[in-house]
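# Remarks on the overall topology
Each chain is listed here by its residues.
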Number of protein chains: 2
Amino acid sequence: MITMPRGPQPAGFPEVGATNLSVVLRYMRAHMPCSRSDIAVATGLNKSTVSSLVADLIERRLLREIGFTEHRIGRPPTMLVLDGSPYAAIGLEVNDNLTAVAVDLAGEQILSWRRSFRGLESTPSQAATAIAALGRRAVNRLVKQGRHVLGLTIGVPGLVDPTGAVRLAANLGWRDIDLRDRLTRALGAPDYPVIVDNDANLAVIAESRYGEFAGTQNLVYLTGEVGIGAGIISGGRLIRGANGFPGEVGHLQVDPDGPVCGCGRSGCLESVASISALVAKALPDSANDGAVTDLAPEVAEVARRARAQDPTALKALTETGRALGHGVSILANLLDPEVVVLGGYFVPLARWLLPAAEAELHSRSVSAADARRIVASTLGHGAAATGAAATVLDHVDAGNLPNA
Amino acid sequence: MITMPRGPQPAGFPEVGATNLSVVLRYMRAHMPCSRSDIAVATGLNKSTVSSLVADLIERRLLREIGFTEHRIGRPPTMLVLDGSPYAAIGLEVNDNLTAVAVDLAGEQILSWRRSFRGLESTPSQAATAIAALGRRAVNRLVKQGRHVLGLTIGVPGLVDPTGAVRLAANLGWRDIDLRDRLTRALGAPDYPVIVDNDANLAVIAESRYGEFAGTQNLVYLTGEVGIGAGIISGGRLIRGANGFPGEVGHLQVDPDGPVCGCGRSGCLESVASISALVAKALPDSANDGAVTDLAPEVAEVARRARAQDPTALKALTETGRALGHGVSILANLLDPEVVVLGGYFVPLARWLLPAAEAELHSRSVSAADARRIVASTLGHGAAATGAAATVLDHVDAGNLPNA
């Protein structure tokens, strides 16, 4: 279910119509089931306005009536809920695998796929074709179910500009790939929005809605996928930056004497503490197997050896945890979040990573170290895909309604 | 003059009265002089509501009429402006000196004092007494002028919690000083708000209103006073963090082999690149003169030697610039600001600091390095005091109106 951290308020005079539809939708998302009268009381809109807005939303099949409540005195009011079934919001995520998630308008998951991806060993063009194909298959599946697609958002581990072009995705070998344009063409120039965003941004949105710390106003999410990126929510809002490129924690230098990074610098957080770097250190016998296209088996092996007290694996995990704690301390000192959530492949390794990470965070925190926590995400892989689908619903809730 | 970056919009139903007074005040601040009709058109409030709100604000002496405009057809409307004269908003700043600034309601400066301060060589209690005395003198001066004090905000280089207690101000030797409480008592428990905030937060507010990059939505300000702190505006809003302690850039490690810092760690940005560290390196002959209570003469001497091509001074400035560039690159990679503004004593030294800082920033930026700039503030010392006074006006504009 998708919930709003704060209650919506009615709009002022400009664009009253569209905006008040949005106020009702957002109220419904947070409080359904509810009656027309509940909506009027909570939003301050008058009852006849609410009735007409609700009628419009029912006609568009965004709301539906579900009968009567029993908990009232007098004639029971008709209760309303979001009408999920006719619609689908799609989120995709590109990492070592491709993930597709779809939810209906009410936020119920209606599709969840995870597919292998040769992205790390194929050309950007081949990779974009594979991504578009998965998106098209998801759309086709949902359309066959009789659903209207509300939008498709895709998360990529890299710098995504506001036009949806990927300026740099070092771990995929991409530079200046107009992914949004390619996807749009592959989907046949659809009438729904196709959006490309940074995977960490989408993952932190998912974490702030559905995670253990949902509703937290100051929250950072660190991706543990092919790279390390940070999604930052501060004061309840996603940090977007001037160019759309914030959260680039992966190339902060944490060890001037550290290994050379793919970016050409030395001792970047990614070169020291990424999952690939960890695997190389923890499993020295399997480090030269060639390009890793699915990190899951290696991560499982690291966990197995750690459970068996393998000293090499344990040392690698401690070093990685310490470097992560260093990176988190930088985020913490600059942004003062309540909690930093480690995601992706860091999750199954968290019991070994967190003690070293916490110790390093506390030793490097200027203040309030005790109040700050590093935790493992409860969302698992596909957090960014889930966040991507959520942003499609946000777009609708903001008043961009599909036609009836 | 104080201007708003974005136009205010009318409120919804809750607290309509107070909030709509605030809408009118904020519109006036951005667009005065203007007529009642201008206000009605721009805010969407109806004309009779505007007339009654304006009458209320005139009665409180927050607005006044200034006669007629000539640029209209038909009967010319009466023009309105903020009525600055009856009110005063006070900002104080604690650093190596004490600064006091006051502005009237219209944002015109009506007081500007800079006083020496023995804070770095006196006890916290003595320091608080000195600060309170300056605040009291400023209040007395303004009251003698017949002004009503709207509020007093004070900026401190340290961690300030939401109650106005200074949790840590390492460069002043303060820990857990309830400065707000002491000030309030020294001022005789006044009926106006007394607020304590971090100096960098207040300086970035000043920079975003009155600086060369006013209106920039993603802006960072680095204080160059007794310490180095960052004030961060992201997406048009000040980053406050979960505990009120963001922007602690001064104790990020930029050189693991660097000198031991006052905080006990090694190679912190402050230990490498603070004004004190720079002075010690650039003027090795005067480094052991004891506690520096006013950095201005030393900074002037560094500039003098740099102009004379003194190699020791130039080397110290280049090293400091490089370390600042490193610190700025961390802020830039995480927050993606359009511009980072160096303030305080960095300003008179900027021509020597900036080239090295820019080179370091660019070498460490993951992306968009060319679009990001480091510049020197044009506000000079007292930026935090100016920002402090501005926040008092914000409090009024938000609807916390003084009585008539």
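Predicted model, so just to flag it, every value in this text is computed and none were measured.

Cut-off values and rules
- Residues numbered from 1 in each chain as written.
- Chains lettered and ligands numbered in written order.
- Predicted model: local features only at pLDDT ≥ 70, side-chain atom pairs only at ≥ 80, totals over all residues.
- Helix = DSSP H or I, 4+ residues; strand = E, 2+ residues; numbered from the N terminus.
- Rg over C-alpha atoms; globule rule 2.2 N^0.38 Å.
- Buried ≥ 20, exposed ≤ 12 C-beta atoms within 10 Å, placed from the backbone.
- Contact = placed C-beta atoms within 7 Å.
- Nonpolar A, V, L, I, M, F, W, Y, C, P; charged D, E, K, R; others polar.
- Pairing = 2+ DSSP bridges.
- Axes fitted to C-alpha atoms, helices over the stretch in contact; angles between N-to-C directions.
- Parallel < 35°, antiparallel > 145°, perpendicular 65-115°, else oblique.
- Left-handed = near helix turned anticlockwise from the far one by under 90°.
- Least-squares fit on C-alpha atoms with pLDDT ≥ 70 in both.
- Core = buried A, V, L, I, M, F, W, Y, C linked by C-beta atoms within 7 Å.
- Domains from an automatic or database assignment.
- pLDDT = per-residue confidence, 0-100.

## Some remarks on the overall build of chain A
Check the secondary structure of chain A and you find 12 helices and 16 strands. Since a compact globule built from 404 residues should have a radius of gyration of about 22 Å, the 23 Å found for chain A is in line with a globular shape. Buried positions account for 52% of the 404 residues belonging to chain A.

## Focus: the interface of chain A and chain B
The interface is formed by 38 residues belonging to chain A together with 38 residues belonging to chain B. Residue assignment for the side of chain A that touches chain B shows that the elements contributing at least two residues are β9 (166-169) and α10 (311-335) of chain A. It is α10 of chain A that contributes the most residues to the side of chain A that touches chain B, 5 residues altogether. Split by residue class, the side of chain A that touches chain B holds 20 nonpolar, 12 polar and 6 charged.

## With respect to the sheet that holds strand β9 (residues 166-169) of chain B
Sheet strands line up and pair through hydrogen bonds in the backbone, either parallel or antiparallel. Across the sheet, 3 strands lie side by side as β8-β9-β10 (chain B); this open sheet has antiparallel pairing. Each edge of the open sheet is held by one strand with a lone partner, namely β8 (159-160) and β10 (174-177) of chain B.

## Observations regarding the sheet that holds strand β14 (residues 237-238) of chain A
All names here are of chain A. Taken in spatial order, the 5 strands of this open sheet run β14-β13-β12-β15-β16, and their pairing is mixed. On the outer flanks of this sheet lie β14 and β16 (373-376), each paired with one strand and no other. Here strand β13 (residues 230-234) pairs with β14 via 2 bridges, running antiparallel. Bridging across to β14, Ser234 finds its partner in Arg237. In the packing of helix α6 (residues 199-210) onto the sheet, the strands contacted are β12 (219-222), β13, β14 and β15 (339-342), and the crossing angle to β13 comes to about 50°. The strands touched by helix α11 (residues 350-364) within the sheet are β15 and β16, with β16 carrying the most contacts at an inclination of about 170°.

## Brief notes about the packing of helix α8 (residues 275-282) of chain B against helix α9 (residues 296-307) of chain B
Angle between the axes and distance between the axes: these two values describe a pair of packed helices. All names here are of chain B. Relative orientation of the contacting elements α8 and α9 amounts to 50°, with a least axis distance of 10 Å. Relative to α9, α8 is oriented oblique. Note on packing geometry: the crossing formed by α8 with α9 is left-handed. Residues Ile275, Leu278, Val279 and Ala282 of α8 pack against Glu298, Val299, Val302 and Arg305 of α9. Of the residues that constitute the contact of α8 with α9, the class distribution is 6 nonpolar, no polar and 2 charged.

## Re the relation of the copies chain A and chain B
Rotating chain A by 180° about the axis while translating it 0.0 Å along that axis superimposes it on chain B, leaving an RMSD of 0.1 Å. The superposition operator between the copies reduces to a two-fold rotation axis. Looking at the interface residues of chain A, 100% of them are also at the interface in chain B, so both copies use one shared face.

## Looking at the pairing of strand β5 (residues 97-103) of chain A
All names here are of chain A. Of all 7 residues in β5, 7 are buried; the element is thus mostly enclosed. Covered by surrounding structure in β5 are Asn97, Thr99, Val101 and Val103 together with Leu98, Ala100 and Ala102, the residues of both alternating faces. With 6 bridges connecting them, strand β4 (residues 87-94) and β5 associate as antiparallel partners. Each residue of the ladder has a partner; that of Leu92, found in β5, is Ala100. Between the end of β4 and the start of β5, which pair antiparallel, lie 2 residues. The pairing of β5 with strand β6 (residues 109-116) spans 7 bridges and is classified as antiparallel. Pairing of Ala102 across the sheet is with Leu111, part of β6.

## Quick look at the environment of Ala280 of chain A
With respect to the helices, strands and loops of the structure, Ala280 of chain A is situated in helix α8 (residues 275-282). When the C-alpha positions of Ala280 of chain A and Asp161 of chain A are compared, they lie 32 Å apart, and in sequence the two are 119 residues distant.

## What to know about the nonpolar core
One finds Val24, Ile90 and Leu331 of chain A together with Val24, Ile90 and Leu331 of chain B to be the most contacted residues of the largest nonpolar core, which totals 247 residues. If we ignore the near neighbours within four places in the chain, the residues touching Ile90 of chain B are Ala100, Ala102, Ala138, Val139, Val149, Leu152, Ala389 and Val392 of chain B.

## Regarding the domain arrangement of chain A
Partitioning chain A into structural domains gives domain 1 (16-82), domain 2 (87-203 + 384-397) and domain 3 (215-378). Computed over C-alpha atoms only, the centres of domain 1 of chain A and domain 2 of chain A are separated by 32 Å.

## Quick look at the confidence of the model for chain A
Residues and elements named next belong to chain A. In this model, chain A carries a mean pLDDT of 88, and residues with pLDDT of at least 70 account for 90%. Note that residues 1-15 has pLDDT below 50 and, in this model, 39 contacts with residues that lie over four places away or in other chains. Both scores are given for the predicted complex: the pTM is 0.89, the ipTM 0.88.

## Some words on unusual backbone geometry
The bulk of non-glycine residues show a negative phi, and the bulk of peptide bonds are trans. Met32 of chain A connects to Pro33 of chain A through a cis peptide bond whose omega is 0°. A positive phi angle, near 45°, is found at Ala189 of chain A, a position not held by glycine. With respect to the element layout, Ala189 of chain A can be found in the loop between α5 (179-186) and β11 (194-198). A positive phi angle is found at Gln309 of chain B, which is not glycine, with a value near 65°. Its location among the elements puts Gln309 of chain B in the loop between α9 and α10 (311-335).

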